[in-house]
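# Reading the structure
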Amino acid sequence: MAEQFLDTDALVAAVDNAEFDRTPAVVANAHITGLSVARALDAHDVPVIAVDQVGDGVAHPSDAIDFAGEVRYPLDDPAGFAEDLAAIADAAGEVVAFGCMDEWVHGFADAGVENVVLPWENHVSVLDKSRLYRRAEELGVPHPETYFPSETAPDAAAEELGFPLVVKPARKREGEEALGSNVVEVATGEELHDVLDAAAAAGVEVMLQEKVNIATGKDRSLASYVPAEGDPLAVVGNAAVRFPLEFGTSCLVETVDAPEIEARALSVIEDAGYHGISESEFVYDADREEYVLLDINTRPWKWISLPVSAGANLPYAAYADAVGESFDPGEIDDGRWVYLRDYLTLLSTAEAFWDVLDTEDWTALVSGAFETGGDLTTGVYRPSDPAPTAQLLDTEFTDREYYCSC
């Protein structure tokens, strides 16, 4: 495990003094998703270096992480991040990069460091939502009705869509920085122009989109690794419970059989020429009575440990291809994933929510038996690797803040 979260110079020195018998992975950021990626790689004895702008994430104390430390944040200082990354890669000899939020994906790609191997290609072709929705339109993949201000006057688009409508940035994190959210709902023309003015002032490309009448609990997402050669490794998950309930982040996810979702998602990914890990998000439109594509995240995401536990170790599949190792995932089973912090909050605060875990599930969780048997896995809590849970509790009950969209 990483004994402490180091400053950049100390991290580079520690990596330089280490001896690696395999190419290390650099994982950013060092929070819930980064923890899951590190655990997936550690299961195959891959050394992991976790980096972040601060040390308040839950990942760095994990036994799955060899070194952890600070780098400059790619959104604030892309050139500084590139310098820090190059120093780490030079100290290690070579690294394989895993970006767990959009800005880290772009940061790794834009840095262009020669001895940093990226286990993905052509991410912008789907991570940029303007390209994504145009591609979905061309392929006939259902998606929300969408208008681009560069092509259709905003007032004319609003008349077609009706209010309320949503404004989305083409690039998620830049939009969050400028607008406060990656999805802004507006109810009037005045609100619409206020958001458009803020986006224009920040140089953020946006689009106008219908507000989909989403059927709660019926989401479908394809978790996949698409290699440059060979068959995709894929599992479909249903975010059966979200926190908050209506439009929050995934809280309990279970595998489902949905070949039509897999086919639609892969058609977009393959048409874009994207190779790598991704999550393709679909919601059920109660008005159309069909699934529509909302987003494709070309990176690991919060519940990526679900496909890993089911037998589809997407991070290691990507790593193995990047370094020329062989990997046979074998049989893929059913599974469930829960993020206990949010799930327990729902149980204690949401009167309309009823527990969907049973006594056997809770017994397995409390005893730790879920780690060695059954179909249930978790986001952070694991008795065999307790330090991340302790870190989560430490930050939960103090005034320390840590930003992560997961």
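### Examining empty space enclosed by the protein
Tallied over the entire structure, the rule returns 2 cavities of 30 Å³ or more. There is about 70 Å³ of room inside the largest cavity. For the largest cavity, the full set of lining residues is F98, G99, V105, P119, W120, Y274, I277, T298, R299, P300 and A318. Partitioning the lining of the largest cavity into residue classes produces 8 nonpolar, 2 polar and 1 charged.

### Some remarks on the sheet that holds strand β9 (residues 184-186)
Taking strand neighbours across the sheet as the criterion, the 4 strands line up as β7-β10-β8-β9 in an open arrangement whose pairing is antiparallel. Lying at the two open borders of the sheet, with one neighbouring strand each, are β7 (146-147) and β9. The pairing of strand β8 (residues 165-169) with strand β10 (residues 206-210) spans 5 bridges and is antiparallel. In the sheet register, V166 faces β10, and the bridge partner there is Q209. Those strands touched by helix α7 (residues 154-161) are β7, β8 and β10, and its axis lies near 20 degrees from that of β10. Across the sheet, helix α9 (residues 189-202) is in contact with β8, β9 and β10; its angle to β9 comes to roughly 145 degrees.

### Some remarks on unusual backbone geometry
Cis rather than trans, the peptide bond between F163 and P164 has omega equal to 0 degrees. For P164, the position within the fold is in the loop between α7 and β8. A cis amide bond links F243 with the next residue in sequence, P244, at an omega value of -10 degrees. If you trace the backbone, P244 turns up in the loop between β12 (233-243) and β13 (249-255). The residue D45 is not glycine, and still its phi comes out positive at about 60 degrees. For D45, a relative accessible area of 60% corresponds to the exposed category. A positive phi is found at E289, a non-glycine position, where the angle reads about 60 degrees. Position of E289 among the secondary structure elements: in the loop between β14 (276-285) and β15 (290-297).

### Quick word on the pattern of salt bridges
On inspection of all chains with the given rule, the structure shows 18 salt bridges. Residues R299 and D102 are paired through a salt bridge, measuring 2.6 Å at the closest nitrogen-oxygen approach. You can see R299 sitting in the loop between β15 and α11 (305-310) and its partner D102 sitting in helix α4 (residues 102-111), a full 197 residues away along the chain. Residue classification places R299 among the buried residues on the basis of a relative accessible area of 7%. What makes D102 buried here is its relative accessible area of 6%.

### What to know about helix α3 (residues 78-92)
In a regular helix each residue adds 1.5 Å, so 15 residues correspond to 21 Å; α3 covers 21 Å between its end C-alpha atoms and thus fits that length. Within α3, the full set of buried residues consists of G80, F81, A82, D84, L85, I88, A89, A91 and A92. Contacts made by the buried residues of α3 are with α1 (8-17), β2 (25-28), β3 (48-52), β5 (95-99), α4 and β6 (116-117). In the stretch just after α3, G93 is the one whose phi turns positive, near 100 degrees.

### Observations concerning the layout of surface pockets
Counted as a void, the second largest pocket has a volume near 510 Å³. In this structure, the second largest pocket is lined by 27 residues; those nearest its centre are V308, S309, E371, T377 and R382. Secondary-structure elements contributing two or more residues to the lining of the second largest pocket are α2 (32-42), α11 and β17 (376-378). Looking at the lining of the second largest pocket residue by residue, the class counts come to 7 nonpolar, 12 polar and 8 charged.

### Observations concerning the UniProt feature "domain: ATP-grasp" (unreviewed entry) in the protein chain
Feature annotation in UniProt assigns "domain: ATP-grasp" (unreviewed entry) to the following positions: residues 133-325. In the segment residues 133-325, helix accounts for 35% and strand for 30%; the C-alpha atoms at its two ends are 35 Å apart.

### Observations concerning the packing of aromatic side chains
For the coordinates displayed, the defined rule picks out 11 aromatic pairs. Taken together, the ring pairs connect Y73, F81, W104 and F108 into an aromatic cluster. Of note, R134 hangs over the ring of F148, and the distance from its end group to the ring centre comes to 3.7 Å. The ring of Y284 has K218 sitting right over it, with the charged end atom 3.9 Å from the ring centre.

### Points about the domain arrangement of the protein chain
Entries for the protein chain in the domain assignment read domain 1 (8-120), domain 2 (145-210) and domain 3 (220-297 + 303-338 + 340-378). Centre-to-centre separation of domain 1 and domain 3, based on C-alpha positions: 24 Å. Counting residues at the interface gives 13 residues for domain 1, matched by 17 residues for domain 3. Between domain 1 and domain 3, a total of about 1,200 Å² is buried, with carbon and sulfur atoms accounting for 68% of that surface.

### Some remarks on the environment of E270
The residue E270 is located in helix α10 (residues 259-272) in this model. Residue classification places E270 among the partly exposed residues on the basis of a relative accessible area of 48%. For E270 and F98, which are 172 residues apart along the polypeptide, the C-alpha to C-alpha distance reads 21 Å.

### Points about the side chain of D84
Looking at where D84 falls in the secondary structure, it is placed in helix α3. In this structure D84 touches T8, V71 and R72, once residues within four positions along its chain are discounted.

Rules of the game
- Residues numbered from 1 in each chain as written.
- Predicted model: local features only at pLDDT ≥ 70, side-chain atom pairs only at ≥ 80, totals over all residues.
- Heavy atoms only, no water.
- 1 Å grid on protein atoms, 1.4 Å probe; cavity = no way out; pocket = protein on both sides within 12 Å on 5 of 7 lines; lining within 4 Å.
- Points joined across faces, edges and corners; volume = space filled by probe spheres on them.
- Nonpolar A, V, L, I, M, F, W, Y, C, P; charged D, E, K, R; others polar.
- Pairing = 2+ DSSP bridges.
- Helix = DSSP H or I, 4+ residues; strand = E, 2+ residues; numbered from the N terminus.
- Contact = heavy atoms within 4.5 Å.
- Axes fitted to C-alpha atoms, helices over the stretch in contact; angles between N-to-C directions.
- Buried < 20%, exposed > 50% of the residue type's maximum accessible area, 1.4 Å probe, protein only.
- Salt bridge = Lys/Arg side-chain N within 4 Å of Asp/Glu carboxyl O.
- Expected span 1.5 Å × (residues − 1).
- UniProt positions renumbered as here; feature names shortened; annotations may be inferred.
- Phe/Tyr/Trp six-rings, centres within 6.5 Å; stacked < 30°, edge-to-face > 60°.
- Lys NZ or Arg CZ within 6 Å of the ring centre and 35° of its normal.
- Domains from an automatic or database assignment.
- Buried area = accessible area lost by both parts, 1.4 Å probe.

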